[in-house]
Amino acid sequence: MSKSFATSIIEILRQQGFQAYLVGGCVRDLLLEREPADFDVATSATPAQVMDIFPDTYAVGAQFGVVLVPLPEMQFMDRGENVMPKAHAVEVATFRSDLGYSDGRHPDHVRFSQDPREDVARRDFTINGMMLDPLCGETNGDVLDFVGGRKDLEAGIIRAIGDPERRFAEDKLRMLRAIRFAARFEYAIEPATLAAIQLLAHDIQIVSRERVRDELTKMLTEGHARRAFLLLDQTGLLKEVLPEISAMKGVQQPPEFHPEGDVFAHTLLLLENLPLPCPPTLAWGALLHDVGKPATFRVAPDRIRFDGHVDVGVKIAEEICDRLRFSKHDAAQVLSLVDNHMRFGHVTRMKESTLKKLLRLPGFDEHLSLHRADSLASHRNLSTYAFLQKKLHEIPPEKVRPAALITGDDLITAGYVPGPRFREILEAVEDAQLEGRLHSREEAIEYLKNAFPL
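In this report, we go over the structure that sits alongside the text. (Residues numbered from 1 in each chain as written. Predicted model: local features only at pLDDT ≥ 70, side-chain atom pairs only at ≥ 80, totals over all residues. Heavy atoms only, no water.)

### Focus: helix 23 (residues 421-434)
A turn of α-helix holds 3.6 residues, and therefore any two residues three or four places apart point the same way. Note the following rule: What counts as a helix is a DSSP run of H or I of at least four residues, what counts as a strand is a run of E of at least two, and both are numbered from the N terminus. Multiplying 1.5 Å by the helix residue count minus one yields the expected span of that helix. The buried label goes to any residue with under 20% of its type's maximum accessible area, the exposed label to any with over 50%, and the partly exposed label to all in between, with areas taken from a 1.4 Å probe on protein chains only. Contacts are residue-level and defined by heavy atoms, with any inter-residue pair within 4.5 Å sufficient.
The terminal C-alpha atoms of helix 23, which comprises 14 residues, lie 20 Å apart, in line with the 20 Å expected from a rise of 1.5 Å per residue. Where helix 23 is concerned, the buried positions are Phe422, Ile425, Ala428, Val429, Asp431, Ala432, Gln433 and Leu434. Buried residues along helix 23 sit against helix 18 (352-359), helix 21 (397-400), helix 22 (408-413) and helix 24 (441-451).

Here it is, written out as structure tokens:
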């Protein structure tokens, strides 16, 4: 979204006699010379006044003083359930103070205000608490900074506005947001703010699992996941939101395969090697790929072993996906990544049919990316990755997933009785086809007579 549309909203509000400024993360990003993902406006106008001035609005939180003003090209879309994606609208919020947070996430009541200082005082961090007048003649505009945000931005500090314990008691999710901002910008968390997170970490349990999942997903995909998870561990939040990852700490691995250290160290190094942009399912699959190792750790006479860690890991990952309310599609892909990550160690010895079935896994590019990152985080040998890249280039898609030569109906016509054996027969025919031994329906029928006589 362009800054110009948000500026035009401010200009119109000013013409109607109201105060209005850009506020929050967009101001921070503009000062950092980053492109904001979206733009928010704070104003002295009430929600009713905003909706009078901009009739095509979406009252997503009018009781809290928030309405969305859609981009002009979005104003005539079907409103459905009155939902407008934030990327296609500007959030316009009335100056306010918040009263009471009995659910630990949302204010019980709000009091609208005419004072921008009062509005800023209830926000989360100083670097997100600045306002900007884009109509000023300067390059970015005139910054209104009542909380020292610009100084903290220059010093690289995440600091809660006012009393940190109070800010986190109001909204527990802010603790995860502090971690995410510190990781994303590579900033330090101010000592009192850090201490408040450590004190209140257990309270994160109050926050909905979906919101926790979304914050963790952003940490995993914004390019600084290793730092984010070290901070989660340092603050005590990790054992609250993902105890299964915290359990990886101190679980040693055979040094001949994992010179980088324990399972936790390996996992964090792997996250550093994920591509950018990183699909959320790949990021979660990478985080959870070895989640079964702590439960299967044992010291054998020859070396440290993790027998069955993949099967155990799939079960644990399934519990995590269920707990964090993943969609069925995303959960299936995450579990597939965990389930298949060890198969890559055998690809150069696979039968052609087995290799082709691996190559046609849904989202195989994510499987391959996980293998690459896994290798870089351990032995750093990318020969298998190169081998698979070569195979993908050499084998045309129609050879990886060819049309079936015969079907179950063909088996019935040939005199076979329907039952569990059908699957075995069809898979055998497909394997022979993938290996280049069968090319036609006639050849497949002849193969049946010899391999599976009636």
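### Side note on the pairing of strand 4 (residues 66-70)
This is how it is decided: Strand pairing requires that DSSP identify at least two bridges connecting the strands.
Taking burial as the measure, the five residues of strand 4 include five buried ones, the bulk of the element. Looking at chain direction, strand 4 and strand 5 (residues 89-94) are connected through five bridges and run antiparallel. Among the inter-strand pairings, valine 69 is bridged to a residue of strand 5, identified as valine 90.

### Some thoughts on unusual backbone geometry
Note that the residue after leucine 276, namely proline 277, is joined by a cis bond; omega there is -5°. The phi dihedral of glutamate 186 is positive, around 55°, even though this residue is not glycine. Glutamate 186 gets classed as exposed once you look at its relative accessible area, which sits at 56%.

### Re the side chain of lysine 356
What counts is decided by this rule: The convention is simple: Lys and Arg are positive, Asp and Glu are negative, and His and the chain ends are not counted. By definition here, a salt bridge exists when the distance from a side-chain nitrogen of Lys or Arg to a carboxyl oxygen of Asp or Glu is within 4 Å. By the criterion applied in these results, polar contacts are pairs of N or O atoms within 3.5 Å in which, for protein atoms, one can donate a hydrogen and the other can accept it, and in which residues neighboring in sequence qualify only through two side-chain atoms.
The topology assignment puts lysine 356 in helix 18. Salt bridges are absent for the buried lysine 356, whose nearest opposite-charge side chain, glutamate 352, sits at 4.2 Å. Engagement of the side chain of lysine 356 in a polar contact is seen with the backbone oxygen of leucine 434, the distance being 2.7 Å. Ignoring anything within four residues of it in the chain, the contact list for lysine 356 reads Ile395, Lys399, Val400 and Leu434.

### Focus on the environment of alanine 373
Structurally, the position occupied by alanine 373 is in helix 19 (residues 364-376). Considering only alpha carbons, one finds alanine 373 and aspartate 29, 344 residues apart in sequence, at a separation of 30 Å. For alanine 373, the residues in contact, after removing those within four places along its chain, are Leu270, Asn273 and Leu274.

### So, helix 9 (residues 209-221)
The end-to-end C-alpha distance of helix 9 is 18 Å, a good match for the 18 Å that 13 residues give at a rise of 1.5 Å each. All of the buried residues along helix 9 are Arg209, Val212, Arg213, Glu215, Leu216, Thr217, Met219, Leu220 and Thr221. Here the buried face of helix 9 lies against helix 7 (173-185), helix 10 (225-235), helix 11 (238-241), helix 13 (263-272), helix 14 (280-288) and helix 16 (309-323). Following helix 9 by one or two positions, glycine 223 adopts a phi angle in the positive range, close to 100°.

These values are about where atoms sit, not about what they do.
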